[in-house]
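An overview of the molecular structure
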Amino acid sequence: MNQNAEKLYKDFSVFLISKGITDLESFRNASPEEMNSLFKEFMDMQVGWQDEDTDEMDAYDYLDMADKAKKPDEKCLYARLALEMEPENLEAEIILANYGTHSELEKLRALEDTVDHGRSITDRMGLENGEYWRYVPARPYMQARKELMRQLIKMSMFHKALDIGLASLELNPQDNQGVRYDVMWLYLALEDDRNALKLYKQYREEDSQLILGLCMIAFRLDKLEDAKRWLNKLMHVNHEAENFILNYSKSKINNLLDMVRRNGDYQLGSQELAVALDEGAFAMNNLRIFIDWAKDEISRTF
């Protein structure tokens, strides 16, 4: 950690104590308005802090510190420092929404504000659909949209989440973020096979996660012949799918997810399917029943 940044963090802790906030819990329980006011008062006292020898630190150095910090209050402090240097930094706003709010609803509102802010920024860029990922400065806006969609999913606001997801796919049809998979799981939750098929046709046919989603939707709608057809396609597209389903267990899924976390991304095959079941878990309350059915079908067919 940069020495000046470390000193600033310690000084902020002393400042909070001087304000009667003697523990982290008290700080977390303060409202966002109170926290903003406290931070502004503290920063107003740090005359010339940006002019000191900071090893040419910029907003992204503080974002890196926020990423590496273990404690939520540290993450928030570095995010606020990043915003002091770059007021339109959406990545810092996302960190504050994730770690500086006190309830799921408050987090939702903060992410909505970040998306609105990002929209105003990207509107000035004059971008067209398809350019929102290719143009790197617009990527934080797309990330904020995905964070908002995930938060809506977490709160079971599926229709609103779907609206956000579909709009994101219009802005970035190449879907470098994997938003289409969240959209597929939303279609599963809403039992919408028509639009799920439409989504599948929009992307490459060998996509295991989309095929798995279509298989699950058909099964849930009791369209078993369609479900068998999609299961058969999944076996041909993903050569690890048969073993994955026949040997399915929660411990195996967790082991695969641990590998994904260590590597920072998933490989096609079993890891891809494990990620699908993890990220789509909100829509899969009948997963065990589906797996048992799939095992029986594989045993009879393959």
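Residues numbered from 1 in each chain as written. Predicted model: local features only at pLDDT ≥ 70, side-chain atom pairs only at ≥ 80, totals over all residues. Heavy atoms only, no water.

1. Some words on the overall build of the chain
To keep it simple, the criterion reads: Only runs of H or I of at least four residues qualify as helices and only runs of E of at least two qualify as strands under DSSP, and these elements are numbered from the N terminus. Exposure classes here rest on a 1.4 Å probe applied to the protein chains alone. A residue is buried below 20% of its type maximum, exposed above 50%, and partly exposed in between.
Broken down by element type, the chain carries 17 helices and 0 strands. For the chain, buried positions account for 48% of its 302 residues.

2. Some points on the packing of aromatic side chains
For any pair of aromatic rings, the description consists of the separation of the ring centres together with the inter-plane angle of the planes. We apply this condition: Ring pairs shown here join Phe, Tyr and Trp side chains whose ring centres sit within 6.5 Å, with only the six-membered ring taken for Trp; geometry is labelled stacked below 30 degrees between planes, edge-to-face above 60, and tilted in between. Any Lys NZ or Arg CZ found within 6 Å of a ring centre and within 35 degrees of that ring's normal is scored as a charge over the ring.
Inspection of every chain in the model, using the stated rule, returns 6 aromatic pairs. With 5.1 Å between their ring centres and 80° between their planes, Y200 and W230 make a pair best called edge-to-face. Here Y200 is found in helix α11 (residues 193-202), whereas its partner W230 is found in helix α13 (residues 224-237), with 30 residues between them in sequence. When sorted by exposure, Y200 lands in the same class as W230, which is buried. Its end group placed over the ring of Y203, R180 keeps NZ or CZ at 4.8 Å from the ring centre. The ring of W230 has R229 sitting right over it, with the charged end atom 4.9 Å from the ring centre.

3. Considering helix α4 (residues 59-68)
To keep things clear, this is the line we draw: Read the arc as the range of directions from the helix axis to the C-beta atoms.
For α4, the complete set of buried residues consists of A59, Y62, L63, M65 and A66. When α4 is viewed along its axis, its buried side chains cluster within an angular range of 160° and face the same direction. Those residues of α4 that are exposed and angled more than 90 degrees off the buried face are D67 and K68.

4. A word on the environment of R145
Selection criterion: Residue contacts are counted whenever heavy atoms from the two residues lie within 4.5 Å of one another. Counted as a polar contact is a pair of N or O atoms within 3.5 Å, where, for protein atoms, one must be capable of donating a hydrogen and the other of accepting one, and residues adjacent in sequence contribute only when both atoms are in side chains.
By the secondary structure assignment, R145 is in helix α8 (residues 139-154). Residue R145 is classed as buried on the basis of its relative accessible area, which comes to 5%. Taking the C-alpha atoms as reference points, R145 and I164, separated by 19 residues in sequence, lie 7.0 Å from one another. Excluding residues within four positions of it along the chain, R145 makes contact with V115, R119, I164, A167, S168 and L171. A distance of 3.2 Å separates the side chain of R145 from the backbone oxygen of I164, its partner in a polar contact.

5. Quick notes on the packing of helix α10 (residues 179-190) against helix α12 (residues 208-220)
When two helices pack together, you describe them by how their axes are tilted relative to each other and by the distance separating the axes. Rule in force here: Every axis corresponds to a line fitted to the C-alpha atoms, with the helix fit spanning only the stretch in contact, and the corresponding angles, defined between N-to-C directions, vary from 0 to 180 degrees. Angles below 35 degrees are treated as roughly parallel, those above 145 as roughly antiparallel, those between 65 and 115 as roughly perpendicular, and all remaining angles as oblique. Each residue receives one of three labels: charged for Asp, Glu, Lys and Arg, nonpolar for Ala, Val, Leu, Ile, Met, Phe, Trp, Tyr, Cys and Pro, and polar for the others, Gly being one of them.
Following both chains from N to C, one finds α10 and α12 inclined at 5°, their axes separated by 9 Å at the closest point. With respect to α12, the axis of α10 lies roughly parallel. Where α10 approaches α12, its residues R180, Y181, M184, W185, Y187, L188 and A189 are matched on the opposing element by Q209, L210, L212, G213, L214, M216, I217 and R220. When the residues that make up the contact of α10 with α12 are grouped by side-chain class, the tally is 11 nonpolar, 2 polar and 2 charged.

6. Focus: the nonpolar core
It is characteristic of soluble globular proteins that their nonpolar side chains tend to be buried jointly. For the record, the criterion: In this description, a nonpolar core means a group of buried Ala, Val, Leu, Ile, Met, Phe, Trp, Tyr and Cys residues linked to one another through side-chain atoms lying within 4.5 Å.
Residues W185, L212, M216, L277 and F290 are the most contacted members of the largest nonpolar core, which totals 71 residues. It is α12 that contributes the most residues to this core, 9 residues altogether. The residues contacting L212, other than those within four sequence positions of it, are W185, L234, L273, A276, L277 and F290. Membership of the second largest hydrophobic core comes to 20 residues, among which are M57, A66, A69 and A92.

7. Here's the deal with unusual backbone geometry
Residues other than glycine seldom take positive phi values, yet S156 does so here, at roughly 60°. Here S156 shows up in the loop between α8 and α9 (158-171). With a phi angle near 55°, E191 is a residue other than glycine that sits in the positive phi range. Of note, E191 is situated in the loop between α10 and α11. A relative accessible area of 39% means that E191 is categorised as partly exposed.

8. Focus: the pattern of salt bridges
Put simply, the test is: Definition used for salt bridges: Asp or Glu carboxyl oxygen within 4 Å of a side-chain nitrogen of Lys or Arg.
Throughout the structure, instances matching the rule amount to 16 salt bridges. In this structure, R180 and D175 form a salt bridge, with 2.7 Å as the shortest nitrogen-oxygen distance. Where R288 meets D292, a salt bridge forms, and the shortest distance between an N and an O atom there is 3.3 Å. Here R288 and its partner D292 are both found in helix α17 (residues 287-301), 4 residues apart, which amounts to about one turn of the helix. Judged by its relative accessible area of 41%, R288 falls in the partly exposed class. Overlapping salt bridges bring together R109, E112 and K160 as one network.

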